[in-house]
Amino acid sequence: MSKLGNLGARLHRGEISYDFVGKRKIWYGVSILITITAILGLAVRGLNMSIDFQGGAVFTTPTGMSTSVAQAETYAHDASGQEAVVQKLGNGSLRIQVAGIDTGKADQIKTKLADDLKINPEKLAADLVGPSWGQEIASKAWEGLAIFMVLVVIYLAIAFEWRMAVAALVALIHDITITTGIYALVGFQVSPGTVIGLLTILGYSLYDTVVVFDSLKEQTKDITKQTRFTYSDIANQSINGTLVRSVNTTVVALLPVAGLLFIGGGFLGAGDLNDISLSLFVGLAAGAYSSIFIATPLVADLKEREPAMKALRKRVLAKRAQASAEDDLAADRAAGVDDDSEDAPAVVGPRNQPASRTRGRGRPSGKRR
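The paragraphs below set out a description of the structure included in this document.

Attention now moves to the overall build of the protein. In terms of helices and strands, the protein carries 11 helices and 6 strands. Going through the 369 residues of the protein one by one, you find that 39% of them count as buried. Put simply, of all contacts in the protein between residues at least 6 apart along the chain, 77% involve residues at least 24 apart. For the protein, the computed accessible surface area is about 21700 Å², with 59% contributed by carbon and sulfur atoms.

Take a look at the structure:
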């Protein structure tokens, strides 16, 4: 068996463990810090919405263009009066996106841009997106996300309990906030592909969370009939028992996504891949983190507030204190026996008294005559 497999088996059997639940305040603090950073990024920089949401035009040049990206951005700005996003594609063509323009001005911009690029206007492909269509797409995206959240809460409340549903919802909001914050800080465009990526990573995050919750539900059956473990103890056992599985699942999912992001979007210049791959990459990592460090510890926090769980904790702690006192007493007794055997004075038996000698007494002598 490999070292990782051996580690997973030992974690599952409870031979070794890490106190995730006991140190939950640390993880809460880390998540709050990351979330605040993401919110500040959204507030300061905002999201760079693509033309699919704002409306505008996309111009694609022929292959083999010698014009640099910086020059194309200048030409597009001069032609439209708007900031443009230019990407150099793998075949050498340029993809020029100009958002926030009226479709009626597209022909004029196309002619001016073709003249600056020194190409035939007929060879400059143009795709136009109306602003009303973009607003409809944005509205549908938010509706889909809201419906997804509601269905998740209902399912978890029925399959498990409302506390687990609340914890899973908090973890999902945590993942969405971090992912959108990263998009704002990096400056990548938010496109329909980004929305698809967000919905996909929410599914992955929910999968990891449900795996841990299922193990927790199984192990907490009739929990109040025993006095060995509290709910937090069993929650921590559930995390450790599924830890290696969660890590393996996340790593296997991240490898192809990293290929899309760094190779497809970076080296090959396929800019469309960045829209979905960045959201997948950040979301998968955030989802694995939230399932382990946020969702289950939060469930433990909520459950420990129940009267039955409070009573169980008192019994468990009382039994542990009693067992500790008995162990200390046994150790003291053992130490006392050893002290007596080492320090007690030696037992002295009765002394052998020498035979007494009688003075003036002897064998009766006869009279001398």
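The next point concerns the packing of aromatic side chains. If you walk through the whole model with that rule in mind, you get 6 aromatic pairs. When the centroid spacing of 4.7 Å and the interplanar angle of 65 degrees are considered together, the rings of Trp 27 and Phe 293 count as edge-to-face. Of this pair, Trp 27 sits in helix α2 (residues 24-44) while Phe 293 sits in helix α10 (residues 271-303); the two residues are 266 residues apart in sequence, bridging distant segments of the chain. Here Trp 27 and Phe 293 have matching classes, each one buried. Ring geometry for Tyr 289 versus Phe 293: centroids 4.8 Å apart, planes at 25 degrees, classification stacked. With Tyr 289 and Phe 293 both in helix α10 and 4 residues apart, the pair spans about one turn of that helix. By the burial criterion, Tyr 289 is buried, and Phe 293 matches it. Three or more aromatic residues link up through ring pairs in this structure, and these residues are Tyr 18, Phe 20, Trp 27, Tyr 289 and Phe 293.

Contact pair helix α7 (residues 162-186) / helix α8 (residues 192-219): the axes reach a minimum separation of 10 Å and the direction vectors enclose 145 degrees. Where α7 crosses over α8, the two elements pack in a sense that is right-handed. Only Thr 194, Leu 198, Ile 201, Leu 202, Ser 205, Leu 206, Thr 209, Phe 213 and Leu 216 of α8 make contact with α7, whose side of the interface consists of Met 164, Ala 167, Ala 168, Leu 172, Asp 175, Ile 176, Thr 179, Thr 180 and Tyr 183. For the contact of α7 with α8, a count of residues per class yields 12 nonpolar, 5 polar and 1 charged.

This part is about the nonpolar core. Residues Phe 213 and Tyr 231 are the most contacted members of the largest nonpolar core, which totals 44 residues. Here this core gets 10 residues from one element, more than from any other, and that element is α10. Tyr 231 has contacts with Glu 161, Met 164, Leu 216, Thr 220, Ile 223, Val 299, Ala 300, Lys 303, Glu 304, Met 309 and Leu 312, leaving out every residue within four places of it along the chain. Ala 76, Ile 101, Ile 109 and Leu 124 belong to the second-largest nonpolar core, a separate cluster that totals 18 residues.

What follows concerns the pattern of salt bridges. The tally for this structure, following the rule as stated, stands at 10 salt bridges. Between Lys 112 and Asp 116 there is a salt bridge, with the nearest N and O atoms lying 2.9 Å from each other. Placement of both Lys 112 and Asp 116 in helix α5 (residues 106-117) is noted, with a separation of 4 residues, approximately one turn of the helix. Exposure remark for Asp 116: the relative accessible area of 16% places this residue in the buried category. Between Arg 163 and Glu 161 there is a salt bridge; the shortest N-O distance is 2.9 Å. Judged by relative accessible area, Arg 163 falls into the buried class, the value being 15%. Taking the relative accessible area as the measure of exposure, Glu 161 reaches 18% and is therefore buried. Shared partners join several salt bridges into a network, and the residues in it are Glu 161, Arg 163, Lys 303 and Glu 306.

Quick look at a nonpolar patch on the surface now. The grouping of Ile 26, Val 30 and Ile 34 at the surface amounts to a nonpolar patch, some 230 Å² of accessible area in total. On the secondary structure map, Ile 26 appears in helix α2.

Take the packing of helix α4 (residues 69-80) against α5 next. Remark: α4 packs on α5, axes separated minimally by 9 Å, with the N-to-C direction vectors making an angle of 145 degrees. The element α4 and its partner α5 pack so that their crossing is right-handed. Together, Tyr 75, Ala 76, Ala 79 and Ser 80 of α4 and Ile 109, Lys 112, Leu 113, Asp 116 and Leu 117 of α5 make up the contact between the two elements. Per-class residue counts for the contact of α4 with α5 are 6 nonpolar, 1 polar and 2 charged.

The subject of this paragraph is a negative patch on the surface. Negative charge collects at one region of the surface, where Glu 326, Asp 327, Asp 328 and Asp 332 lie side by side. By the element assignment, Asp 332 lies in helix α11 (residues 307-343). Taking the relative accessible area as the measure of exposure, Asp 332 reaches 53% and is therefore exposed.

The subject of this paragraph is α2. Given a rise of 1.5 Å per residue, 21 residues ought to cover 30 Å, and the 30 Å separating the end C-alpha atoms of α2 matches this to within 8%. The complete set of buried residues in α2 reads Trp 27, Ser 31, Thr 35, Ala 38 and Gly 41. Looking straight down α2, one finds that the buried residues subtend no more than 115 degrees of arc, so they occupy a single side. In α2, those exposed residues whose orientation departs by more than 90 degrees from the buried face are Lys 25, Ile 32, Leu 33, Leu 40, Ala 43 and Val 44. Looking one or two residues past α2, Gly 46 carries a phi angle of roughly 75 degrees, positive in sign.

Each value, and the rule that gives it
Every chain's residues receive numbers from 1 upward, in the order its sequence appears when written. Totals for whole chains, interfaces and linings use every residue, but because this is a predicted model, local features are given only for residues with pLDDT of at least 70 and side-chain atom pairs only at 80 or more, for both listing and counting. Heavy atoms throughout the structure, all of them, feed into the side-chain values; hydrogens and water do not. By definition, any uninterrupted DSSP run of H or I lasting at least four residues is a helix, any uninterrupted run of E lasting at least two residues is a strand, and each is numbered from the N terminus. Remark: exposure states derive from per-residue accessible area (1.4 Å probe, protein chains only) relative to the maximum for the residue type, with buried under 20%, exposed over 50%, and partly exposed in between. In this description, contact between two residues means that some pair of their heavy atoms is separated by no more than 4.5 Å. Using a 1.4 Å probe, the Shrake-Rupley method yields the accessible areas, and only the shown protein chains count as cover for residues. In summary, the pairing rule links any two rings of Phe, Tyr or Trp, Trp by its six-membered ring, whose centres are within 6.5 Å, and it sorts them by plane angle into stacked for under 30 degrees, edge-to-face for over 60 and tilted for everything else. Convention adopted: a line fitted to C-alpha atoms gives each axis, helices being fitted over their contacting stretch, and angles between N-to-C directions are expressed from 0 to 180 degrees. Take the far helix as your reference; a near helix turned counterclockwise from it by less than a right angle gives a left-handed crossing, and one turned clockwise gives a right-handed crossing. Each residue gets one label: Ala, Val, Leu, Ile, Met, Phe, Trp, Tyr, Cys and Pro are nonpolar, Asp, Glu, Lys and Arg are charged, and the others, such as Gly, are polar. For this analysis, a nonpolar core means a set of buried residues of the types Ala, Val, Leu, Ile, Met, Phe, Trp, Tyr and Cys, connected via side-chain atoms within 4.5 Å. Any Lys or Arg side-chain nitrogen found within 4 Å of a carboxyl oxygen on Asp or Glu counts as a salt bridge. Exposure above 30% relative accessible area and the absence of a salt bridge qualify a residue for a patch, where like charges join within 9 Å and nonpolar side chains (Val, Leu, Ile, Met, Phe, Trp, Tyr) within 5 Å. Under the counting rule used here, the positive set is Lys and Arg, the negative set is Asp and Glu, and His together with the chain ends is not counted. Note on charges: their place is set at NZ of Lys, CZ of Arg, CG of Asp or CD of Glu. Helix span, expected: 1.5 Å multiplied by one less than the number of residues in the helix. In this description, one arc is meant: the one made by directions from the helix axis to the C-beta atoms.

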